[in-house]
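Each chain, letter by letter, is given below.
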Amino acid sequence: MLQGLHIGLIGAGNMGEALIKGLLRSGLSTPDQLFCSDAREERRAELQATYAIRTVAGNIDLVRQCDVIIYAVKPQSMGSVIKETAAALDGSKVIISIAAGVPLKAIAALAKQPLRLVRAMPNVCVSVEAGATAVAPGEHAQKADLELAQAIFNSVGRCVILQAEHLLDGVTGLSGSGPAYVFVMLDALADAGVKVGLARNEALLLAAQTLMGAAKLHLDTQMHPGQLRDLVTSPGGTTIAGLHALERGGVRASLMNAVETAALRAKELGEAVRLG
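Residues numbered from 1 in each chain as written. Predicted model: local features only at pLDDT ≥ 70, side-chain atom pairs only at ≥ 80, totals over all residues. Heavy atoms only, no water.

J.: Please clarify how the layout of surface pockets should be interpreted in this entry.
T.: Where empty space is left can be seen by rolling a probe of water-molecule size over the atoms. Of the voids in this model, the second largest pocket is the one considered here, and its volume is about 570 Å³. Lining the second largest pocket are 26 residues, with Met15, Ala72, Val73, Lys74 and Ile98 positioned closest to its centre. Going through the elements one at a time, α1 (14–26), α4 (75–85) and β6 (116–121) are the ones with two or more residues in the lining of the second largest pocket. Of the residues in the lining of the second largest pocket, the class split is 15 nonpolar, nine polar and two charged. (1 Å grid on protein atoms, 1.4 Å probe; cavity = no way out; pocket = protein on both sides within 12 Å on 5 of 7 lines; lining within 4 Å. Points joined across faces, edges and corners; volume = space filled by probe spheres on them. Helix = DSSP H or I, 4+ residues; strand = E, 2+ residues; numbered from the N terminus. Nonpolar A, V, L, I, M, F, W, Y, C, P; charged D, E, K, R; others polar.)

Here you go:
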């Protein structure tokens, strides 16, 4: 799908580098297909030396040379970067934005032309190629554009295609903010292990491996979480006693409330965005 396509990343931060690594490791792209621009000369030199990709100083030079452009910049920089590159954009290119909270209508309004826009919401776990990403189309995006974006983000984890951009607020609340919820659970499980007598390093390792293993078991088997829970839960045993304690503590409701609250906040922030 990406064969022969030149992919350019505007912005060489952690997210941009993660995508470079993922595309190269997966074999979806070769170093000569990947371009990256960044204002910092030392950063460009570092990426070129590490990955043998092509780097350019100017964003507009990158856009002119690439078929797919990924805007991996901070939301507050998106307006100025779109203004800078708009003259080199056209309907032949796929434009992917990962600027959190910036709606595609704001980008389209600033570009002042019909563009094949796709918005992506990846999470921090792309840095270890275990990210969760959702992509959604702009008005002029084609099915193939979404599939192309999905392939790119599958190289750093797993990616789902949504049919409506407004659903990305829910994604932000779930998988975007979700790692923070998991880190709280990880810390709490490790504390519990220490409370019952385990050394801190042992408790933390066991807790982390348990969270990772449980998620992998679901992903690999596609069994419903309730079925998997029942595999571990013997009548009158230790697990049902622990689950009862979780229910008394309202853990399920707390997690649902966290996702909903974060999603509503994402919507508020998106509505407040003005690019100019």
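J.: Would you mind showing me how to read a nonpolar patch on the surface here?
T.: Side chains of Val182, Met185, Leu246, Val251 and Leu255 sit close together on the surface and give an oily, nonpolar patch of about 340 Å² of accessible area. Elements represented by at least two residues in the nonpolar patch include exactly α8 (178–195) and α12 (251–272). Here leucine 255 is to be found in helix α12. Residue class for leucine 255 comes out partly exposed when judged on its relative accessible area of 34%. (Patch = residues over 30% accessible without salt bridge, like charges linked within 9 Å, V, L, I, M, F, W, Y side chains within 5 Å. Areas by Shrake-Rupley, 256 points an atom, 1.4 Å probe, with all protein chains shown as cover. Salt bridge = Lys/Arg side-chain N within 4 Å of Asp/Glu carboxyl O. Buried < 20%, exposed > 50% of the residue type's maximum accessible area, 1.4 Å probe, protein only.)

J.: Looking at this model, I keep getting lost on the side chain of arginine 44. Mind explaining?
T.: Within the fold, arginine 44 resides in helix α2 (residues 41–51). The charged side chain of arginine 44 is buried without a salt bridge, its nearest counter-charge being glutamate 41 at 4.9 Å. Engagement of the side chain of arginine 44 in a polar contact is seen with the backbone oxygen of aspartate 38, the distance being 2.7 Å. Those residues in contact with arginine 44 that sit more than four places away from it in its chain are Asp38, Ala39, Thr55, Val56 and Ala57. (Lys, Arg positive; Asp, Glu negative; His and termini not counted. Polar contact = N/O pair within 3.5 Å; in protein donor to acceptor, adjacent residues only side chain to side chain. Contact = heavy atoms within 4.5 Å.)

J.: Looking at this structure, I do not really get the state of the cysteines. What am I missing?
T.: What we call a disulfide is simply a covalent bond connecting the sulfur atoms of a pair of cysteines. This model, assessed by the stated rule, comprises zero disulfides. This cysteine, cysteine 125, is not joined by any disulfide, and cysteine 159 carries the nearest cysteine sulfur, 14 Å off. Judged by relative accessible area, which is 7%, cysteine 159 ranks as buried. (Disulfide = S-S within 2.5 Å.)

J.: Sorry, what's going on with the packing of α4 against helix α5 (residues 104–111) here?
T.: Each packed pair of helices is defined by two parameters, the angle between the axes and the distance between the axes. The contact between α4 and α5 brings their axes to 9 Å, and the two run at 35 degrees. The handedness of the crossing between α4 and α5 is right-handed. Contact residues: Met78, Gly79, Ile82 and Lys83 in α4; Ile107, Leu110 and Ala111 in α5. Counted by class, the contact of α4 with α5 contains five nonpolar, one polar and one charged residues. (Axes fitted to C-alpha atoms, helices over the stretch in contact; angles between N-to-C directions. Left-handed = near helix turned anticlockwise from the far one by under 90°.)

J.: Would you mind showing me how to read α2 here?
T.: Residues three or four positions apart in an α-helix share a direction because the helix packs 3.6 residues into each turn. Within α2 the residues assigned to the buried category are Arg43, Arg44, Leu47 and Tyr51. The arc that holds the buried residues of α2, viewed along the axis, is 100 degrees, so those residues lie on one side. Along α2, exposed side chains directed more than 90 degrees from the buried face belong to Glu41, Glu42 and Ala49. In the core, the buried residues of α2 are packed alongside α1, β2 (34–37) and β3 (54–56). (Arc of directions from axis to C-beta.)

J.: Help me understand the pairing of strand β8 (residues 157–161), please; the structure alone is not making it clear to me.
T.: For a regular strand, the rule is simple: side chains alternate between the two faces of the sheet. With five bridges joining them, strand β7 (residues 131–137) and β8 adopt parallel strand pairing. Bridge pairing in β8 places alanine 134 opposite valine 160. (Pairing = 2+ DSSP bridges.)

J.: Just to check I follow, could you spell out the pairing of β6 for this structure?
T.: By the criterion of burial, β6 is predominantly enclosed, with six of the six residues buried. Where burial is concerned, the two faces of β6 agree: the one with Arg116, Val118 and Ala120 and the one with Leu117, Arg119 and Met121 are both buried. Both strand β5 (residues 94–97) and β6 contribute to a ladder of four bridges, which runs parallel. Note on β6: the bridge partner recorded for isoleucine 95 is leucine 117. Examined bridge by bridge, β6 and β7 share four bridges and lie antiparallel to one another. The partner of methionine 121 across the bridge, within β7, is alanine 134.

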